[in-house]
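Here is how the chains run, residue by residue.
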Amino acid sequence: MERVVLDMTSEIMSFAVFVTSFVTGLILVVMTKRVCHRIGISDQPDGRLKVHDRKVVSLGGIPISIAVLFSGYLAFSNSDFHITNLAGILMACGVILSLGVYDDIFQIKPFTKLCFQTIAALMFVLPGTPFRMIDFFGFFDFSCGAFAIPLAMFWIVGSCNAFNFMDGMDGLASGVSMIICLCLAALGFINGNYSDAIMAISLAGALAAILVFNYHPASIFLGDSGSQLTGLLIGILSLRILSLNAVFMLPVAYTMLSLPVLDTMMSILRRFSTFRPIYQGDLSHIHHCVRARGLNVRAAAWVLWLVATIGCVISLSSVFLNHFVVFALSSVYLAGCVYLAVRIGCLSVHKLLYRLRINIKPATVVDRYNEIESLWEKMKPLFEKIRLDRAVMTLEGVNSFGRPEYKTLQWVRNESIIGDFPTDCWTTRFYLDKEEREMVILQLQSIEKDRRHDENVNWLLNRISTNMRMTNEQRKIVLEEKDKELFETIHS
């Protein structure tokens, strides 16, 4: 009977905490917007990654943090519940909030962000991690030993970045985070972890208040302060709530956070496969690809909220259903998410495999340059024959480390010709490989330019670009009689 009374008390308290956090959040959001507009702090569109059409306040972390603190204080000061390692959580939140606010106003380098996220995670795990073992759907588990601390830090830092990556569309990150917090609260109450469940409810209420103003068209963004703080708290709460008897249910936690984690993994692999830095933003996140399918912002947000809800429902089912059933549901769900993400364009498997292959056996621009240089020597008589005055060929590409490389070849009939090419010179650009990793820019110039020059040079450019892309076997098949002299000249 005591357990029933305790459950009813916790339910009433959780409702009161949610309402308190929600109302407090609404008031604080309005105040934050007014203050930021007055002092001129806002997120301005740049036409590249920030495509909103007006200035929007982006300090969403401030109302979230104050609402959670206020509602949490009222809840725990009038109950017998208490939060273990509260000091570590507060210090970690303070570091992340300060980092995020500064980044929203002045911008911070990615490496600096990572350092502060690591410090915040360390503040939480130093007193001890909530788990010592990891469970896989009840089939088996293993002891983490000394690796428990780095694993917990990796989980928290990854959560910070996952929610930061996902915050790229009105209402998406705030809505998904609220759904996950409600799921965590439900699991906390079911498992008897009331204090952490109430904290999750408090965060859900603050996120609901943000969502009112963050729903399209948004008048406030979570910003780095809000998205990273939310990611930090969800990472910490998932570790605490899903660690029963010091055993962390990792697959259940991963299924719950599958949408932000999947988006982060896809982003890392996509940028790796296209030879770009991991921290360099792009427009191929899951929400961008969903919108590219013809959905507007609100419809895309609802679709992704539904996907996140399905993952949370499967995680909740782990409490009631057989381990085999939960494993099957989770596997099908995660495999389906990965498949659909690839199909809508979040990741090119072909480019990823190509990048992995060249990392094993690197092929750089320098290597290709030796081959191109021998062909260039054979092209010079053709430039003379067509009465050109200048020719420049630039080979642009990247090495296996993703750094750009450039090689240039030049031929000049008369050394007195100096300066840049005029705007009406003949120019062609083409890629040497299907992966679009190496591009050739060929520029030809003739002082006495006439119609016959146009015909000859355009034919020459077309033949050269086609020839340079072909293998030896392909050249034998497509060799035409009218091109025989050119091909024989180049490849004799």
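Quick caveat: nothing in here was measured; it's all calculated off a predicted structure.

Draft legend 1. Broad picture of the overall build of the protein chain. Scanning the protein chain from terminus to terminus reveals 18 helices and 8 strands. Per-residue burial over the protein chain gives 50% buried out of 492 residues. Of all intrachain contacts in the protein chain linking residues separated by at least 6 positions in sequence, the fraction that spans at least 24 positions is 73%.

Draft legend 2. Representation of the packing of helix α3 (residues 86-106) against helix α4 (residues 110-125) in the model. At their nearest, the axes of α3 and α4 sit 7 Å apart, and the two run at 165° to each other. One element, α3, and the other, α4, form an angle in the roughly antiparallel class. In terms of crossing hand, the pair formed by α3 and α4 is left-handed. Touching Gly-88, Ile-89, Met-91, Ala-92, Val-95, Ile-96, Leu-99 and Asp-103 of α3 are Lys-113, Phe-116, Gln-117, Ala-120, Met-123 and Phe-124, all from α4. Residue composition of the contact of α3 with α4, grouped by class: 10 nonpolar, 2 polar and 2 charged.

Draft legend 3. Structural view of a nonpolar patch on the surface. There is a patch of nonpolar side chains on the surface, built from Ile-190, Val-319, Phe-320, Leu-321, Val-325 and Leu-329 and spanning about 500 Å² of accessible area. Inspection of the secondary structure puts Val-319 in the loop between α12 (297-317) and α13 (323-343).

Draft legend 4. Region of interest: the pattern of salt bridges. Scanning all chains against the criterion turns up 6 salt bridges. Here Asp-196 makes a salt bridge to Arg-240, at a shortest N to O gap of 2.9 Å. Within this pair, whereas Asp-196 is found in helix α7 (residues 194-214), its partner Arg-240 is found in helix α8 (residues 223-241), the two being separated by 44 residues in sequence. For Asp-196, a relative accessible area of 3% gives the class buried. Salt-bridge contacts for Arg-270 lead to Asp-282; the nearest nitrogen and oxygen are separated by 3.0 Å.

Draft legend 5. A look at unusual backbone geometry. Cis geometry marks the peptide bond from His-216 to Pro-217; its omega dihedral reads -5°. Of note, Pro-217 is situated in the loop between α7 and α8. Of note in this structure, Asn-85 is not a glycine but carries a positive phi near 60°.

Draft legend 6. Focus on helix α2 (residues 61-77). If you check α2, its first and last C-alpha atoms are 24 Å apart, about what 17 residues at 1.5 Å a residue would give, namely 24 Å. Within α2 the residues assigned to the buried category are Gly-61, Pro-63, Ile-64, Ser-65, Ala-67, Val-68, Ser-71, Gly-72, Ala-75 and Phe-76.

Draft legend 7. Structural detail: the pairing of strand β1 (residues 133-136). Where β1 and strand β2 (residues 140-143) come together, 4 bridges link them in antiparallel fashion. In the strand pairing of β2, Asp-135 is matched with Asp-141. The antiparallel pairing of β1 with β2 creates a hairpin that spans 3 residues between the two strands, and Phe-137 there sits at a positive phi of about 55°. Pairing analysis gives 3 bridges linking β1 to strand β4 (residues 247-249), with the strands arranged parallel. For Asp-135, the partnering residue across the bridge sits in β4 and is Met-249.

Cut-off values and rules
Residues numbered from 1 in each chain as written. Predicted model: local features only at pLDDT ≥ 70, side-chain atom pairs only at ≥ 80, totals over all residues. Heavy atoms only, no water. Helix = DSSP H or I, 4+ residues; strand = E, 2+ residues; numbered from the N terminus. Buried < 20%, exposed > 50% of the residue type's maximum accessible area, 1.4 Å probe, protein only. Contact = heavy atoms within 4.5 Å. Axes fitted to C-alpha atoms, helices over the stretch in contact; angles between N-to-C directions. Parallel < 35°, antiparallel > 145°, perpendicular 65-115°, else oblique. Left-handed = near helix turned anticlockwise from the far one by under 90°. Nonpolar A, V, L, I, M, F, W, Y, C, P; charged D, E, K, R; others polar. Patch = residues over 30% accessible without salt bridge, like charges linked within 9 Å, V, L, I, M, F, W, Y side chains within 5 Å. Areas by Shrake-Rupley, 256 points an atom, 1.4 Å probe, with all protein chains shown as cover. Salt bridge = Lys/Arg side-chain N within 4 Å of Asp/Glu carboxyl O. Expected span 1.5 Å × (residues − 1). Pairing = 2+ DSSP bridges.

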